[in-house]
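Coordinates in review
This is what each chain is made of:
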Amino acid sequence: MKVVSFFSGCGGLDLGFENVGFNVVWANEYDQTICPTYLYNHPKVILSSKSICNITPKEIPECDGFIGGPPCQAWSEGGKGLGLKDERGRVFLEYIRLIKAKRPKFFLIENVPGILTEKHRISFERFILELESADYKISHKVLNAKNYGIPQDRERVFVIGIRNDMDITYEFPKGLSDRIITLKDAIGDIAIPPREYKDGIVLQDNKEIIPNHDVYIGPFDEKFMSRNRVRKWHEPSFTIQALAKNAPIHPQAPTMVYVNPNKRVFKKGYEHLYRRLSVRECARIQSFPDTFKFIYSNVKDGYKMVGNAVPPKLGFVMAQSIVKAFSQKTKNNHILIGYYKGQNHLNLILSKGIYYFPIIRLDNVCPSYLLLHNNGNRYLFTLKDKDVTKVSASFLKSLGFHPQRENYYIVNLDKEIFSENPIALNILKGCTPYLNSYSPVIVNF
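For every chain, the first residue of the written sequence is number 1, and numbering continues from 1 onward in sequence order. Only residues with pLDDT of at least 70 are given local features in this predicted model, and only at 80 or more are side-chain atom pairs given and counted; all residues enter the totals for whole chains, interfaces and linings. The basis for every side-chain value is the complete set of heavy atoms in the structure, and neither hydrogens nor water enter the calculation.

**Observations concerning the overall build of the protein chain**
Note the following rule: Segments assigned H or I by DSSP are reported as helices when at least four residues long, segments assigned E as strands when at least two residues long, and all are numbered from the N terminus. Whether a residue is buried, partly exposed or exposed follows from its accessible area with a 1.4 Å probe, protein chains only, as a fraction of its type maximum: under 20%, in between, or over 50%, in that order. In what follows, a contact means two residues having at least one pair of non-hydrogen atoms within 4.5 Å. Method for areas: the Shrake-Rupley scheme with a 1.4 Å probe, in which residue coverage is limited to the protein chains shown. In this tally, Lys and Arg are treated as positive and Asp and Glu as negative; His is ignored, and so are the chain termini. Throughout, a charge is located at the NZ atom of Lys, the CZ atom of Arg, the CG atom of Asp or the CD atom of Glu.
Each helix and strand counted, the protein chain has eleven helices and 18 strands in total. Summarising its shape, the C-alpha atoms of the protein chain cover approximately 95 × 45 × 40 Å along the three principal directions. The buried share among the 445 residues of the protein chain stands at 51%. When contacts within the protein chain are restricted to residue pairs at least 6 apart in sequence, those whose partners lie at least 24 apart make up 69%. Carbon together with sulfur atoms contributes 51% to the accessible area of the protein chain, which is approximately 21,700 Å² in total. In the protein chain, which carries 60 positive and 44 negative side-chain charges, the distance between the mean positions of the two groups comes to 1 Å.

**Looking at the packing of aromatic side chains**
Applicable threshold: Classification of ring pairs uses Phe, Tyr and Trp, with its six-membered ring standing for Trp, and accepts pairs whose centres are within 6.5 Å; under 30 degrees between planes counts as stacked, over 60 as edge-to-face, and the remaining range as tilted. Look at NZ for Lys and CZ for Arg. If either is within 6 Å of the ring centre and within 35 degrees of the ring normal, a charge sits over the ring.
Evaluated as defined, the whole model comprises 23 aromatic pairs. Taken together, a centroid distance of 5.6 Å and an interplanar angle of 85 degrees make the contact between Phe7 and Tyr95 edge-to-face. You can see Phe7 sitting in the loop between β1 (2-6) and α1 (12-20) and its partner Tyr95 sitting in helix α3 (residues 87-102), a full 88 residues away along the chain. Linked through ring pairs, Phe6, Phe7, Trp26, Phe66 and Tyr95 together constitute an aromatic cluster. A cation over a ring is seen here: Lys184 above Trp233, with NZ or CZ 5.3 Å from the ring centre.

**Here we look at the pairing of strand β10 (residues 257-260)**
Heads up, the condition is: Only when DSSP finds a minimum of two bridges between them are two strands counted as paired.
Relative to strand β11 (residues 263-265), β10 runs antiparallel, the two being bridged by three bridges. In the strand pairing of β11, Tyr258 is matched with Arg264. Two successive antiparallel strands, β10 and β11, enclose a turn made up of two residues.

**Re the packing of α3 against helix α4 (residues 121-133)**
This is how the line gets drawn: To define axes, lines are fitted to C-alpha atoms, for helices over the stretch in contact only, and angles between the resulting N-to-C directions are given on a 0 to 180 degree scale. Any angle that falls under 35 degrees is termed roughly parallel, while one over 145 is termed roughly antiparallel, one within 65 to 115 roughly perpendicular, and all others oblique. Classification used: nonpolar for Ala, Val, Leu, Ile, Met, Phe, Trp, Tyr, Cys and Pro, charged for Asp, Glu, Lys and Arg, polar for all others including Gly.
Where α3 meets α4, the axes come as close as 10 Å, and the angle between the chain directions of the two elements is 10 degrees. One element, α3, and the other, α4, form an angle in the roughly parallel class. Of the residues in α4, those touching α3 at Phe92, Leu93, Ile96, Ile99 and Lys100 are Arg126, Phe127, Glu130 and Leu131. Residues belonging to the contact of α3 with α4 are distributed by class as follows: six nonpolar, no polar and three charged.

**Some points on the pattern of salt bridges**
Applied cut-off: By definition here, a salt bridge exists when the distance from a side-chain nitrogen of Lys or Arg to a carboxyl oxygen of Asp or Glu is within 4 Å.
Inspection of the entire model under this criterion finds 21 salt bridges. Among the salt bridges present, the one from Glu110 reaches Arg156, with a minimum N-O distance of 3.7 Å. Remark: Arg156 occurs in strand β7 (residues 155-163) and Glu110 occurs in strand β5 (residues 106-111); sequence separation between them is 46 residues. Residue Glu110 is classed as buried on the basis of its relative accessible area of 8%. As a salt-bridge pair, Asp153 and Lys146 come within 3.3 Å of each other at their nearest N and O atoms. Within the structure, one salt-bridge network assembled from shared partners comprises Asp189, Arg280, Arg284 and Asp290.

**What about the packing of α1 against helix α8 (residues 312-326)?**
What counts is decided by this rule: Definitions for this section: a left-handed crossing has its near helix turned counterclockwise from the far helix by less than a right angle. A right-handed crossing has that turn clockwise.
At a minimum axis separation of 7 Å, α1 and α8 run at an interaxial angle of 50 degrees. If you check the angle between α1 and α8, you find them oblique. In this structure, α1 meets α8 at a crossing whose hand is right-handed. Residue-level contacts link Gly12, Leu13, Leu15, Gly16, Phe17, Asn19 and Val20 of α1 to Pro312, Gly315, Phe316, Ala319, Gln320, Ile322 and Val323 of α8. Here the contact of α1 with α8 is composed, by residue class, of nine nonpolar, five polar and no charged.

**Comments concerning the environment of Val388**
One can find Val388 in the loop between β15 (377-383) and β16 (389-392). Sequence separation between Val388 and Ile187 is 201 residues; the distance between their C-alpha atoms is 47 Å. Contact partners of Val388, with chain neighbours within four places excluded, come to Asp165, Met166, Phe357, Leu362, Cys366, Pro367, Tyr409, Ile410 and Val411.

Written out as structure tokens, the structure is:
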């Protein structure tokens, strides 16, 4: 399926979807410092760098799904938490605007759990209500990355919307039963010291043994020193954040020493071991492969790209769950039996390549064949590999049809199967009992 990506960042979520087999055809990222990294790693994707506020629906190519995580700063419990009073919070509404305009089959939204707190409850409920009113079935859940093969404690809320006419049920992926992936697993093989940077220009070339193995050496502020920032080799990492100064300390260092509830210090005699994780080490913990290159001239931009990304492996798991949901539709052995009103009606069906029928219960079935009948005449067609789609009467009238109701389903015709074909003979034999009815029906043959 084709997807478009919003708030794409460096493309961690996109990489996860691509690895499952989705085709990311278009992406949007407003931050100019990130665009070179996205383009380098996703060279076939059309990238728009406009503000989402200025994007019109017609600029977005036809697609099956929207994926993206609106900025989290407005909802984070670690920030000011201004919600919709923050310009970054209001772009959530722009994402909803485009979902409502394009009506993809599904969408994915990722954000911080802070959006579910009491402080932001009214805003979140508003978002859900708007999406439900656009004819989507909504599911949301907080997932921790460490439960999905990612060496990091990272909780994020995912919102999945499936258009109601898809008639499928979405289930969030279950956590893996395997052991938790540790820091040792993720970065234990990196023995080379990182290159140190503060405010200077980062030197990037093709001679790097480990790409992006750059570390920020700026001072540790009072807030950072208020908690232990060291996780051991046998543990998963703390959450990888977007600010360089907040990167966790490398597990080579001892646990920070407690002084009081708001102060920790480095253990005396071991101060030289307390360094931040490098950009590449953070990327490994986020599940990026070493082949994924981050392009930046300021080391802080490297941390920003990595920390803001959805871990590709978590994107992969979410993409798999969406594929699983859509695979609920059985397409192999079901046939739609429909009645046509006369030769003119049949000619119009054939010229437009579609057949419309009243809304009926589908029971998670998408037919592979269409059998049209009228007074003993029978025509059998294969259907294109598309889902049954809900359309309005006005749409059908624009094609020359004469519908009597407000809403219908349509299927897309592919090829006619002639009666001497063994498949046709088998289908026609099994469908004979249904050829006396004017009402559409889907049967298994």
